[in-house]
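# Examining the three-dimensional arrangement
So the chains spell out like this:
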Amino acid sequence: GEDVEQSLFLSVREGDSSVINCTYTDSSSTYLYWYKQEPGAGLQLLTYIFSNMDMKQDQRLTVLLNKKDKHLSLRIADTQTGDSAIYFCAERRSGYSTLTFGKGTMLLVSP
Amino acid sequence: DTGVSQNPRHKITKRGQNVTFRCDPISEHNRLYWYRQTLGQGPEFLTYFQNEAQLEKSRLLSDRFSAERPKGSFSTLEIQRTEQGDSAMYLCASSLGSRTDLRNTIYFGEGSWLTVV
């Protein structure tokens, strides 16, 4: 997972926006994904973006992709306590079927 | 429930014993993946199948690990002569891979926790 880097921890207050950042190294990556993992559970797919897109919005989630800088971000609007979890960024490299994950960002939302 | 199903969810075993995990993918998904996740880390790829063919294996998959998908539906992951370092969560995932659908969105199960004592 060292090819995909994320900050380890983010703390926000309920109602604020959260921004989770990710950098990746492979410029051939075709799709980039965000997954959410709650304690003791598997990974839940949140959203994904194709590499020829700059932005994708899905309800409270906004994904921004800067392909030049290989930087991906996930913005969660109106963050709720139920959003507290670990968020993983993952890249799918061209020609591969599998995903390479970052180490995850723990988001803590306080009331 | 039509998601990826894994069992057992938790397994505690003594060092040196063999363990087997089962994964039932989403119906009609032709691709099946196994990942391993240790505390504080992201999932790491182990192996993947397209139908019954095992197409790729990671260097993490030592010769004590074997995965099968005999009929292209469910899969098993067996670990022989377990070691304490094998303690982790083993995640199964599936996708509907297609040459015309590049998304190949991968859906994960709830994972199987292994503790080797």
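Report follows, based on the coordinates. Please read these numbers as outputs of a predicted model, since none were measured by experiment. (Residues numbered from 1 in each chain as written. Chains lettered and ligands numbered in written order. Predicted model: local features only at pLDDT ≥ 70, side-chain atom pairs only at ≥ 80, totals over all residues. Heavy atoms only, no water.)

A count of helical and extended segments in chain B gives zero helices and eleven strands. For chain B, the N- to C-terminal ordering of α and β elements is β-β-β-β-β-β-β-β-β-β-β. For chain B, the C-alpha radius of gyration of 14 Å lies close to 13 Å, the compact-globule estimate for 117 residues. By its C-alpha atoms, chain B is 45 × 30 × 25 Å across when sized along the principal axes. The buried share of chain B, taken over its 117 residues, is 46%. The long-range share in chain B, meaning contacts at least 24 apart out of those at least 6 apart in sequence, stands at 55%. Just so you have it, chain B exposes about 6,200 Å², and 45% of that area is on carbon and sulfur atoms. Placing the 15 positive and 13 negative side-chain charges of chain B at their respective mean positions leaves the two points 3 Å apart. (Helix = DSSP H or I, 4+ residues; strand = E, 2+ residues; numbered from the N terminus. Rg over C-alpha atoms; globule rule 2.2 N^0.38 Å. Buried < 20%, exposed > 50% of the residue type's maximum accessible area, 1.4 Å probe, protein only. Contact = heavy atoms within 4.5 Å. Areas by Shrake-Rupley, 256 points an atom, 1.4 Å probe, with all protein chains shown as cover. Lys, Arg positive; Asp, Glu negative; His and termini not counted. Charge placed at Lys NZ, Arg CZ, Asp CG, Glu CD.)

Attention now moves to the state of the cysteines. By definition, a disulfide links the sulfur atoms of two cysteines through a covalent bond. What the rule picks out here adds up to two disulfides over all chains. The disulfide bridge from C22 of chain A ends at C89 of chain A, spanning 2.0 Å between sulfur atoms. Between C22 of chain A and C89 of chain A, the S-S torsion sits near -65°, and that sign places the bridge as left-handed. Pair noted here: C22 of chain A is in strand 3 (residues 18-24) and C89 of chain A is in strand 9 (residues 85-93), with a separation of 67 residues, a long-range link. Each member of the pair C22 of chain A and C89 of chain A is classed as buried. Bridging C23 of chain B to C92 of chain B, the disulfide has an S-S length of 1.9 Å. Across the disulfide from C23 of chain B to C92 of chain B, rotation about the S-S bond amounts to roughly -70°, and the bridge is consequently left-handed. Within this pair, whereas C23 of chain B is found in strand 3 (residues 19-24), its partner C92 of chain B is found in strand 9 (residues 88-95), the two being separated by 69 residues in sequence. A residue is classified by how much of its surface remains accessible, and C23 of chain B, at 0% relative accessible area, is buried. (Disulfide = S-S within 2.5 Å.)

Time to look at unusual backbone geometry. The step from N7 of chain B to P8 of chain B runs through a cis peptide bond, and the omega angle for that step is -5°. Despite not being glycine, Q59 of chain A has its phi angle at roughly 55°, a positive value. Mapped onto the elements, Q59 of chain A comes out in the loop between strand 6 (55-58) and strand 7 (61-66). The phi torsion at K70 of chain A lies on the positive side, around 55°, for a residue other than glycine. One can find K70 of chain A in the loop between strand 7 and strand 8 (71-76).

The next thing to look at is the sheet that holds strand 1 (residues 4-6) of chain A. Residues and elements named next belong to chain A. Strand order in this open sheet of five strands is 1-3-8-7-6, and the pairing throughout is antiparallel. Here the strands that pair on one side only, and so sit at the sheet edges, are strand 1 and strand 6. Each strand of the sheet is rotated relative to its neighbour by a mean of 15°, with strand direction disregarded. Looking at chain direction, strand 7 and strand 8 are connected through six bridges and run antiparallel. Opposite L64, over in strand 8, you have S73 as the bridge partner. (Pairing = 2+ DSSP bridges. Axes fitted to C-alpha atoms, helices over the stretch in contact; angles between N-to-C directions.)

Further remarks concern the sheet that holds strand 1 (residues 5-7) of chain B. Residues and elements named next belong to chain B. Judged by pairing direction, the sheet is antiparallel, and its four strands sit side by side in the order 1-3-8-7 without closing on themselves. Of all strands in the sheet, those with a lone pairing partner are strand 1 and strand 7 (65-68), marking the two edges. Taken over all neighbouring pairs, the strand axes of this sheet differ in orientation by 15° on average, direction set aside. In terms of strand pairing, strand 1 meets strand 3 through three bridges, oriented antiparallel.

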